[in-house]
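Below are the chains, spelled out letter by letter.
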2 protein chains.
Amino acid sequence: MRAEEKPGFRRLPLFREMMTQTFDSLMQIAYSQNFPPRMDLIQQGEYADFLHILVEGAVELRATWNGHESVMGIVRPVSTFILAACVCDAPYLMSARTLERSRIVMIPAADLRAALRRDPDFAVAAMRELGVGYRTFVRHAKNLKLRNSRERLAAYILQQSQLANGVVSMVLPMEKRHLASYLGMTPENLSRTVKALRADGVRFQGTQVIITDPARLMALAATDSLIDGPDPENIAS
Amino acid sequence: MRAEEKPGFRRLPLFREMMTQTFDSLMQIAYSQNFPPRMDLIQQGEYADFLHILVEGAVELRATWNGHESVMGIVRPVSTFILAACVCDAPYLMSARTLERSRIVMIPAADLRAALRRDPDFAVAAMRELGVGYRTFVRHAKNLKLRNSRERLAAYILQQSQLANGVVSMVLPMEKRHLASYLGMTPENLSRTVKALRADGVRFQGTQVIITDPARLMALAATDSLIDGPDPENIAS
DNA sequence: CGACCTTTTGAAAAACATCAACGTCTGTGG
DNA sequence: CCACAGACGTTGATGTTTTTCAAAAGGTCG
């Protein structure tokens, strides 16, 4: 653990309200590590040894079944992931790998559980984190079941725009095929949908996205806070 | 609260390890209520006033968007639901309504949060419950993204069969159109898929399902513990 | 430059949704 | 007790969406 990182950690929602003693002891045990891009961190089916906290970079949560594969979520700093597997002491349902060079702090699951039992404020904060993760996946499922792929793409673009304070131009934060998988479609389908969306107020230039008609796009996406957020802070547990 | 229900509650995973004092005070505040079938309990978008515990009956979690609607989950006794909205103090992402006549215990969200902060063992148990709910939705999303509708139906039938200790004959626990929505398809599509599955080892007779060739059905569904469970206990938070 | 990967495009097939019509069942009220 | 409205379920015809397969175009990096 780098000493200079500690104050930043202390400010995270997960650690903000815990006892100083608990925090310090966890920081003593925790260690942080750098990973190169495309590094597998976790395989689905394994058991949780460490709570992961993404400090820098980006991590992709993926799931596979029967030869198929899908991107289930993207984790961005600063967020924990696989909290649920840690507290349930159950196998991971998803794999995790870095997208970019990433800095990750790891806390042994056993120590985490002990700290939770010792420090109610920490437990409450962890629950809130877990609750946000739960809600993220409810949203993901709603998105998949209630919207078609064009609507999902439109909503995604608007969501990204709003995360960046409403800019009308941005760069896709990941490869298109990963985005396609995240949105539940094939790369080919995404490519065609992108073209079709020109009529609805978006233009793509390579990896660059430009919203040419926000109102029209919003009408299509029918953005809804109960699907598209916001839930503050974390992404996946 | 009926006095004779208390011991049963005490045995629930959520309440099993909490302090007697916390338990008693919550039971003092909690009240239980009977609801008729098809009764709306919760509307998506509202704020959480009470943690709900389903003691008897069945509850359906639904989501709507832009005129579309989908069954997101089924809660069966004994389970809590909307725990996440309670701990996050955030609006419900789903609506809830009874399917059958149901008995539900309600605990004011504020008292719940106070109890969590006071009793670490309770907080840990609640976290585990929430973790199970999180994992349930990860599974739901994996199911939707990785399997097609025929595979989902096959997996559902096998899952139900296994929940009933591996029987080869059972009665569908809900209307077909609700099942269709839960599995992410239209009623018409379910109807046709049911017929198509005859070649894969299942026969339907009205609401009765008979597995005629378990091996064949399992080959189709490719049942996977990381999608189809088991995760013990609860269903939805 | 050339190997490798992503993205795009085209054509065909499969999966799925929609619309409309017709049984079937259930409970209600005449 | 029967008739009938209303809901559910099925079936058929049709249309849309999406996937699959194949090939070409574009980018990246050694």
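Keep in mind it's a predicted model, so treat the numbers as computed, not measured.

### Considerations on the overall build of chain A
Stage number 1. A count of helices and strands for chain A gives 11 helices and 11 strands.
Stage number 2. A compact globule built from 237 residues would reach a C-alpha radius of gyration of about 18 Å, and chain A, at 19 Å, matches this within 12%.
Stage number 3. Along the first, second and third principal axes, the C-alpha set of chain A runs to 55 × 40 × 30 Å.
Stage number 4. By residue count, 43% of the 237 residues in chain A fall in the buried class.
Stage number 5. Of the contacts formed within chain A by residues at least 6 apart in sequence, a portion of 75% connects residues at least 24 apart.

### Things to note about the protein's contact with DNA strand C
Stage number 1. The full set close to DNA strand C counts 17 residues, and Lys176(A), Arg177(A), Ser191(A), Asn148(B) and Asn189(B) are the nearest of them.
Stage number 2. Per-element tally for the surface near DNA strand C: the top contributor is helix H9 (residues 187-196) of chain A, with six residues.
Stage number 3. A per-class count over the surface near DNA strand C returns four nonpolar, five polar and eight charged.

### Overview of the sheet that holds strand S5 (residues 68-75) of chain B
Stage number 1. In space, the four strands of this open sheet follow the order S2-S7-S4-S5 (chain B), with antiparallel pairing throughout. Each edge of the sheet is formed by a strand with only one pairing partner; in this case those strands are strand S2 (40-42) and S5 of chain B. Neighbour to neighbour, the strand axes of the sheet diverge by 30° on average, direction disregarded.
Stage number 2. With two bridges joining them, S2(B) and strand S7 (residues 95-98) of chain B adopt antiparallel strand pairing. Bridging from a neighbouring strand, Asp40(B) pairs with Arg97(B) of S7(B).
Stage number 3. Against the sheet, helix H6 (residues 120-146) of chain A touches strand S4 (59-65) and S5 of chain B, its axis set at about 135° to S5(B).

### Quick notes on the protein's contact with DNA strand D
Stage number 1. Not every one of the 15 residues close to DNA strand D is listed here, only the nearest: Ser149(A), Asn189(A), Lys176(B), Arg177(B) and Ser191(B).
Stage number 2. Counting residues per element, the surface near DNA strand D draws most heavily on helix H9 (residues 187-196) of chain B, which supplies five residues.
Stage number 3. Counted by class, the surface near DNA strand D contains two nonpolar, five polar and eight charged residues.

### Looking at unusual backbone geometry
Stage number 1. Here the bond from Pro77(A) into Val78(A) is cis, since omega is -15°, no more than 30 degrees from zero.
Stage number 2. Relative to the helices and strands, Val78(A) is located in the loop between strand S5 (68-75) and strand S6 (79-81).
Stage number 3. Not every positive phi belongs to a glycine, and Arg38(B) is a case in point at roughly 60°.
Stage number 4. Take Arg38(B): it is sitting in the loop between strand S1 (31-35) and S2.

### Topic: the UniProt feature "domain: HTH crp-type" (unreviewed entry) in chain A
Stage number 1. The feature "domain: HTH crp-type" (unreviewed entry), as annotated in UniProt, sits at residues 147-215 of chain A in this numbering.
Stage number 2. The distance separating the terminal C-alpha atoms of residues 147-215 of chain A is 18 Å; by composition the span is 49% helix and 16% strand.

### Some details on the relation of the copies chain A and chain B
Stage number 1. Aligned on chain B, chain A shows an RMSD of 0.0 Å; the corresponding rotation is 180° and the shift along the axis is 0.0 Å. Overall, the copies show the geometry of a two-fold rotation axis.

### Focus: the domain arrangement of chain A
All names here are of chain A.
Stage number 1. Domain boundaries assigned for chain A yield domain 1 (3-144) and domain 2 (147-228).
Stage number 2. Taking only C-alpha atoms into account, the centre of domain 1 sits 27 Å from that of domain 2.
Stage number 3. Of all the secondary-structure elements, those providing two or more residues to the side of domain 1 that touches domain 2 are S5 and H6.
Stage number 4. Its residues assigned to classes, the side of domain 1 that touches domain 2 comprises four nonpolar, two polar and three charged.

### Concerning helix H5 (residues 109-118) of chain B
Stage number 1. Looking at H5(B), one finds that the buried residues are Leu112(B), Ala115(B) and Leu116(B). Along the axis of H5(B), the buried residues cluster in a sector spanning 100°; they form a single face.
Stage number 2. Each element contacted by the buried residues of H5(B) is listed here: H6 of chain A together with helix H3 (20-29), strand S3 (50-56), helix H4 (83-88), strand S8 (102-108) and helix H6 (120-146) of chain B.

### Focus on the packing of helix H7 (residues 149-163) of chain B against helix H10 (residues 214-221) of chain B
All names here are of chain B.
Stage number 1. With their axes 8 Å apart at the nearest point, H7 and H10 run at an angle of 130° to one another. On the basis of their axis angle, the class for H7 and H10 is oblique. Between H7 and H10 lies a crossing whose hand is left-handed. Packed against H7, whose contacting residues are Glu 151, Ala 154, Ala 155, Ile 157 and Leu 158, the element H10 presents Leu 217, Met 218, Leu 220 and Ala 221 at the interface.
Stage number 2. Each residue belonging to the contact of H7 with H10 can be placed in one class, and the counts come to eight nonpolar, no polar and one charged.

### Things to note about H10(B)
Every α-helix winds through 3.6 residues per turn, so residues three or four apart in the chain are directed the same way.
All names here are of chain B.
Stage number 1. Leu 217, Leu 220 and Ala 221 are the residues of H10 that are buried. For H10, the arc enclosing every buried residue in end-on projection is 90°, short of the 170-degree limit, so these residues lie on one face.
Stage number 2. On its buried side, H10 packs onto H7, strand S10 (202-205) and strand S11 (208-211).
Stage number 3. Positive backbone phi, approximately 45°, marks Ala 222, located one or two places after H10.

### Re the interface of chain A and chain B
Stage number 1. Counting residues at the interface gives 47 residues for chain A and 47 residues for chain B.
Stage number 2. Counting only elements with at least two residues in the side of chain A that touches chain B, the list comes to strand S4 (59-65), S5, helix H4 (83-88), helix H5 (109-118), H6 and helix H11 (225-228) of chain A.
Stage number 3. When the residues that make up the side of chain A that touches chain B are grouped by side-chain class, the tally is 27 nonpolar, 10 polar and 10 charged.

### Here we look at the packing of H6(A) against H5(B)
Stage number 1. Packing of H6(A) against H5(B) leaves a shortest axis separation of 7 Å and a crossing angle of 130°. Classified by the interaxial angle, the pair formed by H6(A) and H5(B) is oblique. Taken together, the residues of H5(B) that come into contact with H6(A) (itself represented by Pro120(A), Asp121(A), Val124(A) and Met127(A)) are Leu116(B), Arg117(B) and Arg118(B).
Stage number 2. For the contact of H6(A) with H5(B), the residue count by class is four nonpolar, no polar and three charged.

### Focus: the environment of Arg177(B)
Residues and elements named next belong to chain B.
Stage number 1. As for its position among the elements, Arg 177 is in helix H8 (residues 176-182).
Stage number 2. Judged by C-beta crowding, with 14 C-beta atoms within 10 Å, Arg 177 ranks as partly exposed.
Stage number 3. As for Arg 177 and His 140, which are separated by 37 residues in sequence, their C-alpha atoms are 18 Å apart.

What counts as what
Residues numbered from 1 in each chain as written. Chains lettered and ligands numbered in written order. Predicted model: local features only at pLDDT ≥ 70, side-chain atom pairs only at ≥ 80, totals over all residues. Helix = DSSP H or I, 4+ residues; strand = E, 2+ residues; numbered from the N terminus. Rg over C-alpha atoms; globule rule 2.2 N^0.38 Å. Buried ≥ 20, exposed ≤ 12 C-beta atoms within 10 Å, placed from the backbone. Contact = placed C-beta atoms within 7 Å. Near = placed C-beta within 6 Å. Nonpolar A, V, L, I, M, F, W, Y, C, P; charged D, E, K, R; others polar. Pairing = 2+ DSSP bridges. Axes fitted to C-alpha atoms, helices over the stretch in contact; angles between N-to-C directions. UniProt positions renumbered as here; feature names shortened; annotations may be inferred. Least-squares fit on C-alpha atoms with pLDDT ≥ 70 in both. Domains from an automatic or database assignment. Arc of directions from axis to C-beta. Parallel < 35°, antiparallel > 145°, perpendicular 65-115°, else oblique. Left-handed = near helix turned anticlockwise from the far one by under 90°.

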